[in-house]
Amino acid sequence: MNLVNNDTAIVKVQPVGMLDMNCYFVFLKETKTLYIIDSGSEAKNIIKIAKSFNPEQIYLIQTHCHVDHISAIPEVKAEFDAPLFIHPDDMGLYRSKDNNLMPYVPTAK
């Protein structure tokens, strides 16, 4: 669903994963820059949506690092060679093998 579509930007929200975590796509038309905020899960779907914007640059931004917000990062990051921005205080959780909701959501890779 598009939340904004005007002369300067498109903002789209896409629920992903079994918890319907909202993944946001913010596309700036002038610079053809796409920001993917909270790339939860369903990497193939996120990649498909990202490609639909035909961006020249992609950045991944995480609001926090609960497992439902980070599971798609490795695939999306690799697909686009996109820089990843995580607050330093969340790096421990991002890397933790205990960051999961077993048996439903395994630890992110």
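Please read these numbers as outputs of a predicted model, since none were measured by experiment.

Thresholds, definitions, all that
- Residues numbered from 1 in each chain as written.
- Predicted model: local features only at pLDDT ≥ 70, side-chain atom pairs only at ≥ 80, totals over all residues.
- Heavy atoms only, no water.
- Core = buried A, V, L, I, M, F, W, Y, C linked by side-chain atoms within 4.5 Å.
- Buried < 20%, exposed > 50% of the residue type's maximum accessible area, 1.4 Å probe, protein only.
- Helix = DSSP H or I, 4+ residues; strand = E, 2+ residues; numbered from the N terminus.
- Contact = heavy atoms within 4.5 Å.
- Arc of directions from axis to C-beta.

(A) Quick peek at the nonpolar core. In this structure, Phe25, Leu34, Ile36, Ile46 and Val76 are the most contacted members of the largest nonpolar core, which totals 19 residues. At the level of elements, β2 (9–16), β3 (21–28), β4 (33–37), α1 (43–52) and β5 (57–61) are the ones that each hand at least two residues to this core. Residue contributions to this core peak at 5 residues, all from α1. In this structure, Ile46 is in contact with Val16, Cys23, Phe25, Ile36, Ser39, Gly40, Ser41, Ala72 and Val76, ignoring residues within four places of it in sequence. Core analysis: the next-biggest nonpolar cluster, separate from the first, contains 6 residues, Cys65, Val67, Ile86 and Ala108 among them.

(B) Structural context of α1. Every buried residue of α1 is listed here: Ala43, Ile46, Ile47, Ile49 and Ala50. Taken around the axis of α1, the buried residues stretch over an arc of 165°, which confines them to a single face. Summarising the geometry of α1, the exposed residues directed more than 90 degrees from the buried face are Lys44, Lys48 and Ser52.

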